[in-house]
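# Commentary on secondary and tertiary structure
So the chains spell out like this:
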Amino acid sequence: MLYFLGQLGDSLAAFNVFRYITFRTAGAVITALFFVFMFGPGMIALLRLKQGRGQPIREDGPQTHLLTKKGTPTMGGLMILSGAVFSILLWSNLSNGYVWVVLFVTIGFGAIGFYDDYLKVKRMSHKGFGSKQRLLLEAAIGCIAAFAISQLAAGSYGTSLLFPFVKDLAVNLGYFYILFGGFVVVAAGNSVNLTDGLDGLAIVPVMVAAACFGFIAYLVGSVNYADYLLLNNVPGTAELAVVCGALIGAGLGFLWFNAPPAQIFMGDTGSLALGGALGTIAVATKHEIVLAIIGGLFVLETVSVIVQVASFRLTGKRVFRMAPIHHHFEHLGWTESQVVIRFWIISFVLALIGLSSLKLR
């Protein structure tokens, strides 16, 4: 919204600054951060009052969780989404189609996660929305977003899959790209959802990934930077840097309340929405493969669940003491803080590896 003040720059030079993506990205970070700081305590108090006993804790999980996490309210993703959406609407160029596609997925996945959290709290069970129905809804949203992105990028790469390390290697997937893009969005949403199991574990890697993709969006969306740095230019995607800034700011605000011991959990409301947003930004910037590297921690968590389930069904034996893998390390004797901080370190290292794949000059 404030972007349009920049259009007055010719007559009012003071408003020129609102044209700059870097300025608006910084503004989005600060706005989302203070929004969550201001309204977060009230939201936590309201959710605690409405939920009573808080999020149900898995009885087959680490026994320490039954003592330390019982009674903690969930749906903290509402704090993140409200702060991020408000900031995005305030600072983004609302005539940019990519912004609306990311908002569509973020709010859509957030609504699915909210309903899932609602059912868990209502039934006092860790089982919420039916997995098949949930995945079908997510797939529908993801495919619609992928189709919209293919239309927005029709003048450049449209339905093409680009590869890291090599600038001109592109494979046109045709209509299959809609399914591929939808898969990336759904996989990203559910991977972050699986990672969200310990205080602060998911939100920091999400912010790291958002920072990386804000940087990527800014570069590939600029003709000059993309050409100089040997990157594929995807016009219009630079505006997604502002969206990433809003996600970072809202995430920082949430971490203040989610730091151990957490006052509130993100819940599926936040994890699905944030993962879906990252997946959509990766599809828009044509860096889906890079997302698998930068978000490698989310991939690791997901693979651990797949391996655990497949092994148990085929052999009756478990590979890990518990999946997702962060619980495995808890069973090995790592404290919650050790698991969280060490996984943060892994996410930072993977982010550096992912950025190095851009083949910058």
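Located above this text is the structure these notes cover.
Here goes a summary of the coordinates provided.

### Regarding the pattern of salt bridges
One pass over the structure, following the stated rule, counts 6 salt bridges. Across the pair Glu 239 and Arg 24 runs a salt bridge whose closest N-O atoms are separated by 2.4 Å. Taken as a pair, Glu 239 in the loop between helix 8 (223-228) and helix 9 (240-258) and Arg 24 in helix 1 (residues 21-51) lie far apart in primary sequence, 215 residues in all. Residue Arg 24 is classed as buried on the basis of its relative accessible area, which comes to 0%. Residues Asp 268 and Arg 134 are paired through a salt bridge, measuring 3.1 Å at the closest nitrogen-oxygen approach. Placement of the pair is Asp 268 in helix 10 (residues 267-284) and Arg 134 in helix 5 (residues 131-152), with a sequence separation of 134 residues. For the pair shown, Asp 268 and Arg 134 are each scored as buried. Bridged by salt links that share partners, the residues Asp 116, Lys 120, Arg 134, Glu 138 and Asp 268 form one connected network.

### Details of helix 7 (residues 203-220)
Between its first and last C-alpha atoms helix 7 spans 25 Å; for 18 residues at 1.5 Å apiece the expected length is 26 Å, and the two agree. Most of helix 7 is tucked away, with 15 of its 18 residues classed as buried.

### What to know about the environment of Thr 280
Looking at where Thr 280 falls in the secondary structure, it is placed in helix 10. Each C-alpha atom, one on Thr 280 and one on Ala 188, is 8.7 Å from the other, the two residues being 92 residues apart in sequence. Excluding its chain neighbours within four sequence positions, the residues that come into contact with Thr 280 are Val 101, Val 102, Val 105, Ile 149 and Val 185. A polar contact is formed between the side chain of Thr 280 and the backbone oxygen of Gly 276, at a distance of 2.7 Å.

### Here's the deal with the nonpolar core
Soluble globular proteins: nonpolar side chains tend toward being buried together. In terms of nonpolar packing, the biggest core is built from 81 residues, with Ile 203, Phe 213, Leu 240, Ile 281 and Ile 294 touching the most fellow members. Ranked by the residues each element gives to this core, the list is headed by helix 7, at 13 residues. Leave out the neighbours within four places in its chain, and Ile 294 touches Ala 209, Cys 212, Phe 213, Ile 216, Ser 347, Leu 350, Ala 351, Gly 354 and Leu 355. The next biggest cluster of nonpolar side chains, apart from the first, holds 9 residues, and it includes Leu 198, Leu 201, Ile 325 and Phe 329.

Conventions we followed
Going along each chain's sequence as written, the residues are numbered from 1 onward. Owing to the predicted nature of the model, reporting of local features is limited to residues with pLDDT of at least 70; listing and counting of side-chain atom pairs is limited to 80 or more, with chain, interface and lining totals taken over all residues. Side-chain numbers come from the whole structure's heavy atoms, not from hydrogens or water. One speaks of a salt bridge when a side-chain nitrogen belonging to Lys or Arg is within 4 Å of a carboxyl oxygen belonging to Asp or Glu. The way it works is that DSSP assigns letters per residue, a run of H or I at least four long becomes a helix, a run of E at least two long becomes a strand, and they are numbered from the N terminus. Any residue under 20% of the maximum accessible area for its type is buried, any over 50% is exposed, and the rest in between are partly exposed; the area is computed with a 1.4 Å probe on protein chains only. Helix span is expected to be 1.5 Å times the residue number reduced by one. The criterion used for residue contact is that any of the two residues' heavy atoms lie within 4.5 Å. We call two N or O atoms a polar contact when they sit within 3.5 Å, provided that within protein one can donate a hydrogen and the other can accept it, with sequence-adjacent residues counted only if both atoms are side-chain atoms. Put simply, buried Ala, Val, Leu, Ile, Met, Phe, Trp, Tyr and Cys residues joined by side-chain atoms within 4.5 Å make one nonpolar core.

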